[in-house]
Amino acid sequence: MNRLHTLPPTEQIYRSHVPLQYDSFPIEKYFATRFSYQDEEEWSRQIRAGKIIVNGKVALIGQKLRASDLTITNGGFRKEPAADRTLNIIYEDKNIRAFNKSAPIPVHPCGRYFKNSMTEILKDVYPNEMSRPIQRLDATTTGVIVFARTQKVAAFLMQEFKQNRVEKEYYALVEGVPGSKQFTIDKPIGKITASKRVVGKDVPGSQLARTDVEWLTSINNISLLRVIPRSGRTNQIRVHLASEGLPIYNDSVYGNGKVSDQEFNLHHRRMQFQCFDTKFQLTAIYPPHFQPYINKVGENK
């Protein structure tokens, strides 16, 4: 059954406060840097058209922003891509809510997605609270995602991530078969375009990144891997595996995927972390098309 939901065209209004690190940025550079799905030329066009408001006044090209300035962007009426808006709750209490994220759906509004994003859906479902995601998952990644229900909880969990005290485990279906049962990918990752990253020390903005990998089984040259990222770079698992000749199966950016194929093959299986005095280990059931590989792993034990 097709679970993708298509929304009618909606007016896309984005509100955000300027973080401290962008203090004194010219407005067009701020938007191009923070919201890089559009380049500076396109953001400048929107500013000239009067589509961006800062603290209640129409913005001007070259205007310098200050930390905490409120920006409102009118993106006009757009038709969004279809998304799987299903909310599968795996745990909730007064501090957090955890979901087994579906796909395709982004966590935040981005690119052509707006209402078809998890944060926007949660605003509708829980109108009396501001749900704050404490991690990033790509639109095409399924599995465990945790939202803080208060600012205090969000601040605590962000520090846990910053101190590298959160453990994450993924299952990945990839093209090809690894040459080793276990291996580590230790390569810096940088960005070459707004939407694509590669490995290499000389890539602009490259940062150290490490991923541990275990080969579990293979069927018809498609392999199931257990993957543990030891750092938190954007697209890290997808970039690292592709650099080893093992791209995520059906990845349209780093592999040979087709957008029309709705089976997505990177799944956040388990996350272990502490929230105040409570320790959590949350697990998300993998998508059905992983089952033949899971069965084969069981048979080989």
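Scroll up to find the structure.
Report follows, based on the coordinates. (Residues numbered from 1 in each chain as written. Predicted model: local features only at pLDDT ≥ 70, side-chain atom pairs only at ≥ 80, totals over all residues. Heavy atoms only, no water.)

A tally of helices and strands in the protein yields six helices and 18 strands. Projected onto its principal axes, the C-alpha positions of the protein cover 65 × 45 × 40 Å. Considering the protein as a whole, with its 301 residues, one finds that 45% of them fall into the buried category. Counting contacts in the protein only where the partners sit at least 6 residues apart, residues at least 24 apart contribute 63% of the total. In the structure as shown, the protein presents an accessible area of about 15,900 Å², 49% of it carried by carbon and sulfur atoms. Between the mean site of the 43 positive side-chain charges and the mean site of the 30 negative ones, the protein shows a separation of 3 Å. (Helix = DSSP H or I, 4+ residues; strand = E, 2+ residues; numbered from the N terminus. Buried < 20%, exposed > 50% of the residue type's maximum accessible area, 1.4 Å probe, protein only. Contact = heavy atoms within 4.5 Å. Areas by Shrake-Rupley, 256 points an atom, 1.4 Å probe, with all protein chains shown as cover. Lys, Arg positive; Asp, Glu negative; His and termini not counted. Charge placed at Lys NZ, Arg CZ, Asp CG, Glu CD.)

Further remarks concern unusual backbone geometry. Cis geometry is adopted by the peptide bond preceding Pro104, which originates at Ala103 and carries an omega value of 0°. Position of Pro104 relative to the elements: it lies in the loop between β8 (96–101) and α3 (118–125). You will see that Asn221, though not glycine, has its phi angle at about 70°, which is positive. Within the secondary structure, Asn221 sits in the loop between β15 (210–219) and β16 (222–229).

Relative to the elements of secondary structure, Cys110 occurs in the loop between β8 and α3. Relative accessible area serves as the criterion here: at 35%, Cys110 is assigned to the partly exposed category. When the C-alpha positions of Cys110 and Pro188 are compared, they lie 25 Å apart, and in sequence the two are 78 residues distant.

The next subject is the packing of aromatic side chains. Scanning all chains against the criterion turns up 12 aromatic pairs. Considering the side-chain rings of Tyr22 and Tyr30, the 5.2 Å spacing of their centres and the 75° angle between planes classify their relative orientation as edge-to-face. Between Phe31 and Phe35, the aromatic rings sit 5.7 Å apart at their centres with planes inclined by 35°, giving tilted as the arrangement. What makes Phe35 partly exposed here is its relative accessible area of 22%. Taken together through their ring pairs, the aromatic side chains of Tyr22, Phe25, Tyr30, Phe31, Phe35 and Trp43 make up a single cluster. Of note, Arg97 hangs over the ring of Tyr126, and the distance from its end group to the ring centre comes to 3.5 Å. Lys152 extends its terminal NZ or CZ atom over the ring of Phe276, reaching a point 5.7 Å from the ring centre. (Phe/Tyr/Trp six-rings, centres within 6.5 Å; stacked < 30°, edge-to-face > 60°. Lys NZ or Arg CZ within 6 Å of the ring centre and 35° of its normal.)

Most of strand β10 (residues 141–148) sits out of view: eight of its eight residues are buried. In the sheet, β8 pairs with β10 via six bridges, with the strands oriented antiparallel. Its bridge partner lying in β10, Ala98 is registered against Val146. With two bridges joining them, strand β9 (residues 132–133) and β10 adopt antiparallel strand pairing. From the neighbouring strand, Pro133 faces β10, where its bridge partner is Phe147. Bridge count between β10 and strand β17 (residues 266–275): three bridges; the pairing is parallel. Paired with Gly143 across the bridge in β17 is His268. (Pairing = 2+ DSSP bridges.)

None of the figures reported here should be taken as evidence of function without further support.
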